[in-house]
Every structure is written in C-alpha cells, then in structure tokens.
Protein chains: 2
Amino acid sequence: MLSTTARTTLNRGKERARTDRTDLYAVLDAGLICHLGVIVDGAPMVIPTGYGRIGDTLYLHGSTGASSLRAGTTEPVCVTVTHLDGIVLARSAFHHSVNYRSAMIYGRARRVDDPDEHLDGLRAVTEQLAPGQWDVVRLPTRKELAATAVLALSLKEASVKVRQGPPKDDEEDYDLPVWAGVLPLNVSWGEPLPDPRLTPGVTVPRHIRKRG
Amino acid sequence: MLSTTARTTLNRGKERARTDRTDLYAVLDAGLICHLGVIVDGAPMVIPTGYGRIGDTLYLHGSTGASSLRAGTTEPVCVTVTHLDGIVLARSAFHHSVNYRSAMIYGRARRVDDPDEHLDGLRAVTEQLAPGQWDVVRLPTRKELAATAVLALSLKEASVKVRQGPPKDDEEDYDLPVWAGVLPLNVSWGEPLPDPRLTPGVTVPRHIRKRG
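Scoring rules and cut-offs
Residues numbered from 1 in each chain as written. Chains lettered and ligands numbered in written order. Predicted model: local features only at pLDDT ≥ 70, side-chain atom pairs only at ≥ 80, totals over all residues. Heavy atoms only, no water. Least-squares fit on C-alpha atoms with pLDDT ≥ 70 in both. Contact = heavy atoms within 4.5 Å. Buried area = accessible area lost by both parts, 1.4 Å probe. Salt bridge = Lys/Arg side-chain N within 4 Å of Asp/Glu carboxyl O. Buried < 20%, exposed > 50% of the residue type's maximum accessible area, 1.4 Å probe, protein only. Helix = DSSP H or I, 4+ residues; strand = E, 2+ residues; numbered from the N terminus. Pairing = 2+ DSSP bridges. 1 Å grid on protein atoms, 1.4 Å probe; cavity = no way out; pocket = protein on both sides within 12 Å on 5 of 7 lines; lining within 4 Å. Points joined across faces, edges and corners; volume = space filled by probe spheres on them. Nonpolar A, V, L, I, M, F, W, Y, C, P; charged D, E, K, R; others polar. Arc of directions from axis to C-beta. Core = buried A, V, L, I, M, F, W, Y, C linked by side-chain atoms within 4.5 Å.

1. Describing the relation of the copies chain A and chain B
Rotating chain A by 180° and translating it 0.0 Å along the rotation axis places it on chain B, where the RMSD comes to 0.0 Å. Read as a symmetry element, the transformation amounts to a two-fold axis. Measuring from the rotation axis to each C-alpha of chain A, the shortest distance belongs to A:Val187, at 2.3 Å. Taken together, the interface assignments show that 100% of the residues at the interface of chain A recur at the interface of chain B, consistent with an identical surface on both copies.

2. Focus: the interface of chain A and chain B
Between chain A and chain B, the contact holds 85 residues from the first and 85 residues from the second. Across the chain A/chain B interface, buried area totals approximately 7,100 Å², and carbon plus sulfur atoms make up 67% of it. Together, A:Pro44, A:Arg138 and A:Trp179 form the three largest contributors to the area buried by chain A at its contact with chain B, with a combined 11%. On the surface where chain A and chain B come into contact, there are eight salt bridges.

3. Examining the pairing of strand β8 (residues 148-154) of chain A
Residues and elements named next belong to chain A. Summarising burial for β8: six of the seven residues are buried, a large majority. Where strand β4 (residues 57-63) meets β8, seven bridges bridge the pair, whose relative direction is antiparallel. Across the sheet, residue Thr57 finds its bridge partner in β8, namely Ser154. Across two bridges, the pairing between strand β7 (residues 110-111) and β8 is antiparallel. Pairing of Arg111 across the sheet is with Leu151, part of β8.

4. With respect to the pattern of salt bridges
Counted by the stated rule, this structure contains 24 salt bridges over all chains. Of the charged contacts in the structure, one is a salt bridge between A:Arg7 and A:Glu157, with a shortest N-O distance of 2.7 Å. Taken as a pair, A:Arg7 in the segment before β1 (17-18) and A:Glu157 in strand β9 (residues 157-163) lie far apart in primary sequence, 150 residues in all. We classify A:Arg7 as partly exposed; its relative accessible area is 32%. Judged by relative accessible area, which is 16%, A:Glu157 ranks as buried. Close ionic contact of B:Arg91 with B:Asp169 constitutes a salt bridge, the shortest N to O distance being 2.8 Å.

5. Things to note about empty space enclosed by the protein
By the definition in use, this model includes one cavity of 30 Å³ or more. Empty space within the largest cavity amounts to approximately 40 Å³. Considering the residues around the largest cavity, the lining is formed by A:Ala130, A:Pro131, A:Gln133, A:His207, A:Ile208, A:Arg211, B:Leu89 and B:Leu183. Here the residues of the lining of the largest cavity are counted per class, giving five nonpolar, two polar and one charged.

6. Thoughts on helix α1 (residues 21-29) of chain B
Residues and elements named next belong to chain B. Arg21, Leu24, Val27 and Leu28 are the residues of α1 that are buried. One face of α1 carries all of its buried residues, which in axial projection span an arc of 120°. Buried-residue contacts for α1 involve β3 (43-54), β4 (57-63), β5 (77-89), β6 (97-107), α3 (115-129) and β9 (157-163).

7. What to know about the nonpolar core
Within the largest apolar cluster, 67 residues are counted, with the highest numbers of intra-cluster contacts made by A:Leu24, A:Leu28, A:Ile105 and B:Leu28. When neighbours within four sequence positions are excluded, A:Ile105 is seen to be in contact with A:Leu24, A:Leu28, A:Leu58, A:Val77, A:Cys78, A:Val79, A:Leu153, A:Ser154, A:Leu155, A:Glu157 and A:Ala158.

In structure tokens:
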C-alpha cells in the first residue's frame, strides 16, 4: 500500500487514485525522465532529469555544481513522472481531459556518499534511459564519479493517479452531434542513428535494436 | 530576447541555452502538458497539467478547490515544458545523455478574474490539447466557469534549453568498439477511438483526423 499522508490522499478525482505499491513501480519503471521540484531561494524550480529505481529508493544524478541538486538535499523535494496516453475529447469543453499515468513522490533527498551506492545509483539512472548499456560502455573514472552527485529519495511518501477510457460527459450532452472519444498518443523508438564518428564495422547491438 | 536573470542564465551546459523568444514559443506551442511547480506548506509540489499560450502569457487551469492552484497565486511558481527527443548513447557511461527541448518559466501567477480573459484562457488551454475543438463543442456554462480557476503567468522570466545531435565522447574513447549514436523517440497520434456512447452517424471531424 502507498502512503496516506494529507498530500498523497486525493481530495478531488478520487476515482483516479491508485493505492498499490506495484502501480507506483509500474509508472516509474515505464518512464524515461522525471520532473524534479526543488526550492531555490524561496521559489520552486522544476527540472527535467533522469532517474532510476532500486527497490523503494529513487536515484537522481547531476553535476556536483548544480544549485538544484544542492537544494535537493537541504530542502524537501517532489519528483513527478508522467505518461501522457491520449487526449480525451468530450462533447463539452468542460469535460475535455487527458488519459495519463502519473506518480508523485515527496520527501527529503539524501546525498549518496557511500561509493558502492553511488555507483549503483548511477547504474540505475543509466539503465533506466538505456537498458543494457552499463555492461558494454566504459564505466566512470574516479574523476567522473567525483563530478557526479547522486541523490537518493525514499518512495515512502508517494501517490499515483491514472485516468484511462472514454470521456465522461453530462447526461444531457450525450445526444449532441459532436464526435467524442479518445485520440491516443503513441510513443515509439525510431531507427538508431549512428554517431558520424562511429568506428567502422561496429553494429547496433541487440539490446538497442530490440528495444521497445 | 529572453530574460537574463540569475536563474535563467545557465552556469553549466551553456551551449544548450537558447536566448531567442521564438525558441520559447516553439517549445511551448509544440507541447501538450506542462509540469507546474508550486510551494505548498513549505514543500514543492510538481503537478502535470494543461496549459495554453496567448502572446506572452501562459494560462493554466484547474478546479477552484485545488490547493495547488490556490498556492500558485500566493507563492512563486515554475512551469516546465519538456520534449524528450531521443536517448544519446555514448561510448562511456558518463557521456550518456538525452536529446530534448525544454522551457522553464518563473514568476508569480495571477488569478484571472475578468470574465473575457477567463474564457480566453480556457479556450487557449483547450485548444493547446485539442485544436479545433472549441468551435464544435458545448461551451462552458456559468456554473462550469465558476468551478474552473484560470491562472495567468507572464513569459517574462524564462529559459530554454535544447540538446540535439550525436554523443560527445572523450577524445580517447572514440576508438572503443562500442556502438554510439542516438535512439530517437517518436511521438505520434493513434487512430481516434470513438466513445462507446457516440451517437450513431457522427464521424471523426477533419481537425481530429488530420492532426499530427
């Protein structure tokens, strides 16, 4: 079960709430980037960034010089992952909506100091974007590791919202001669584009070619 | 030109900054949802939501009962729109990246009270998600308008970041026998799915069928 704190309990749109921890994992594991919210000088800052999950911990990374990453360890943060699945076209403007799956995680992030966890966190972030790559690429040098901060955020306080399905119009509007339904949004991988400086003879590996 | 405040001036990754206002419009106009960052009880909250642009004003909407919308008019906000265009696969873990276009807008949002601007804002939000719909659907009733808050945010303070193109590896890594390049991410519209309760004989209008 997910947490039941005030801010993770939906007041409106209750029917969209999912309360099982596996729903949270599903939204996170299917994502590529998150939006990290931090407070910098009293104002919110929302940064698109990579992430990875290991069990009930979310890992984020960034330059050790980034003010947003520094703020993330001293102030509370919010991480949101959103999948937009389609546009819901209703008979009335008011009932237009979107189909989506989203997760919001609240808490205080911890700067990872332990060298093993630091590397595990970076691996999780890399593998979330590019599964299979960690085992074939040059791994980080000591200098690169020192330049990369890793934040850990517990998944303890989280909420999941999902909307799927057709529009919900007012009963008296169903007879209007207006087309209604869902326009699905599809996300797919394109053909891999080789680096112009690729060493001749190096072919696209199976874990990239077969993705999706 | 875009603003040059401290938080909109990039310290790292300067080559990714775009400073022309048309770049901001391009990122916003191509988007479907934004991530709105607000401060609620001293903590950030990052909410995926719809938006629309009219000139140099961004409009957001939400239930008048939503604490996030209320917070958006009393505390500073940040709105981020992100397009993820591909995964950048480098020869080293460190240089893995993503191709993207993103815009961040900072400021204080204003609750729209003027009835004409309120309706214009709602129209902009609806048309951003579903262009052409406003002219064919049932428009909001007085009661629906009263239930929907519209926030206006000036585009005065904004930054745009864009990364495109192949990986940038360390010079000594280019000879590694590792495939490198970009795996593009494509977003496309699927076939419109009619509402099961659609009035027989109502066909998909051109503005929906021809989208994309």
